[in-house]
Each structure stands twice: as C-alpha cells, then as structure tokens.
Amino acid sequence: MNIKLLPLEIEDLGLVYELYNDSQVFDTAILGYNYPQNKPSLKSKLESWIKNGKQKHFKVVNDQKEEIGLAQIFDIHNVNRSCKIGIIVKPDFWAKGYATHILHALEEICYDHIGLRRIEADVLENNLAIMKLLENQNYNREGTRKEAIFKKSEHIDAHVYGKVI
C-alpha cells in the first residue's frame, strides 16, 4: 500500500468540508471546532493553515488517487525540535492500515526533512485504534489531560503520546 502526502491547497476545501462535517470523524478526533462547519468558515481556516509557517498540512491520497484524509504537523518548535501531529482518515478507509502509513510519512518529514527530535499526539480516550497504533509504533503514553475536550455535552479525557528519536 502506498500513500502520498500532498501539500494542502485551497482547491482541497471539499475534502476538508467533508471530513470536518463527518459525525464519525468528529466523535473520534480532536479538531477544536463546533460541529458542523460551513464552507466559508472552513475556507478561512484552510487559508490560514496554508499561510502558517509553523504548520504543515497535507492531503493524503492512495495509489488510485483516492482522497484518504488529512495529515498535519503543527506547533513546530525549532528550538526544542518538537511538534505535534494529527491524522484524519475518512471512515470508509478506517481499519485498512492507512493510518500506519500516514504516521510513517509524517515521521519521515519530521525527522529527516525538518530535523525534529520529538513528536507528540493527543488522542481522545475513546479512540482506541489510534492509541494502539501509536503504542505499536513506540510512542509512549505520557499523561492524560483530564476532561480536556468538550463534545456532545460532556468533557472527555485526552491522552498525550510522545516519541523521541
């Protein structure tokens, strides 16, 4: 299985709109927005992502050129040589190994191209698949941010994972 991370472009607004308005994605991801989102709001968000030098956002496509999801590197700290990452995969592509390949591609960019040493990821407590993936890829669960995320009228814990090379 091959995937490509392509720079996110304004033309990818449709993909962002689809993912940010998918209830399954919303329920399992930490996205920092109120659900649902309209296109003008998301277009503004997308434009800011593209312009921000401390973030890198990607569209993920497979060999068949299908749009699989989004990936991001953000909170890039050049002094500490650290960052955070995020992966959003369309539900139709869940449990097929794509997230593992996306994670490896993000790590390659972080370590080999940006020169970072530490990657962090925050994961909702109900996202067991991503926690298992991170643990299988030698990320350590470093702590829990208690009731850090508000979704569906409740506060949910977020687990912090980290990996240092």
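Whatever comes next refers back to the structure up there.
Parameters and conventions
Residues numbered from 1 in each chain as written. Predicted model: local features only at pLDDT ≥ 70, side-chain atom pairs only at ≥ 80, totals over all residues. Heavy atoms only, no water. Helix = DSSP H or I, 4+ residues; strand = E, 2+ residues; numbered from the N terminus. Salt bridge = Lys/Arg side-chain N within 4 Å of Asp/Glu carboxyl O. Buried < 20%, exposed > 50% of the residue type's maximum accessible area, 1.4 Å probe, protein only. Phe/Tyr/Trp six-rings, centres within 6.5 Å; stacked < 30°, edge-to-face > 60°. Lys NZ or Arg CZ within 6 Å of the ring centre and 35° of its normal. Axes fitted to C-alpha atoms, helices over the stretch in contact; angles between N-to-C directions. Left-handed = near helix turned anticlockwise from the far one by under 90°. Contact = heavy atoms within 4.5 Å. Nonpolar A, V, L, I, M, F, W, Y, C, P; charged D, E, K, R; others polar.

Student: Let's hear about unusual backbone geometry: which residues, and what values?
Tutor: Positive phi, close to 50 degrees, is recorded for Asp75, a residue that is not glycine. With respect to the helices and strands, Asp75 occurs in strand 3 (residues 67-77). Even without a glycine there, the phi angle at Arg81 is positive, about 55 degrees. When you line up the elements, Arg81 lands in the loop between strand 3 and strand 4 (82-89).

Student: If you had to explain the pattern of salt bridges to someone new, which residues and values would you point to?
Tutor: Taken as a whole and assessed by the stated rule, the structure comprises ten salt bridges. In this structure, the salt-bridge partner of Asp157 is Lys146, at a minimum N-O distance of 2.9 Å. Highlighted residues: Asp157 in strand 7 (residues 154-164) and Lys146 in strand 6 (residues 140-151), separated in sequence by eleven residues. Taking the relative accessible area as the measure of exposure, Asp157 reaches 10% and is therefore buried. Taking the relative accessible area as the measure of exposure, Lys146 reaches 63% and is therefore exposed.

Student: Pulling in residues and values, what's your account of the packing of aromatic side chains?
Tutor: All chains considered together, the criterion is met by three aromatic pairs. Judged by centre distance (5.5 Å) and plane angle (90 degrees), the rings of Phe93 and Tyr98 are edge-to-face. Among the residues examined, Phe93 registers a relative accessible area of 14% and is labelled buried. Between Lys39 and the ring centre of Tyr17, over which it is positioned, the NZ or CZ distance is 5.1 Å. Across the ring face of Phe26, the terminal group of Lys151 is positioned such that the distance to the ring centre comes to 3.7 Å.

Student: So what's going on with the packing of helix 1 (residues 13-20) against helix 3 (residues 39-51)? Residues and values would help.
Tutor: In the contact formed by helix 1 and helix 3, the axes pass within 10 Å of each other and the chain directions differ by 115 degrees. Crossing of helix 1 over helix 3 shows right-handed handedness. For the pair formed by helix 1 and helix 3, the contact residues are Leu13, Val16, Tyr17 and Tyr20 on the first element and Lys39, Leu42, Lys43, Lys45, Leu46 and Trp49 on the second. Classifying every residue of the contact of helix 1 with helix 3 by side-chain character gives seven nonpolar, no polar and three charged.

None of this, on its own, says anything about what the molecule does.
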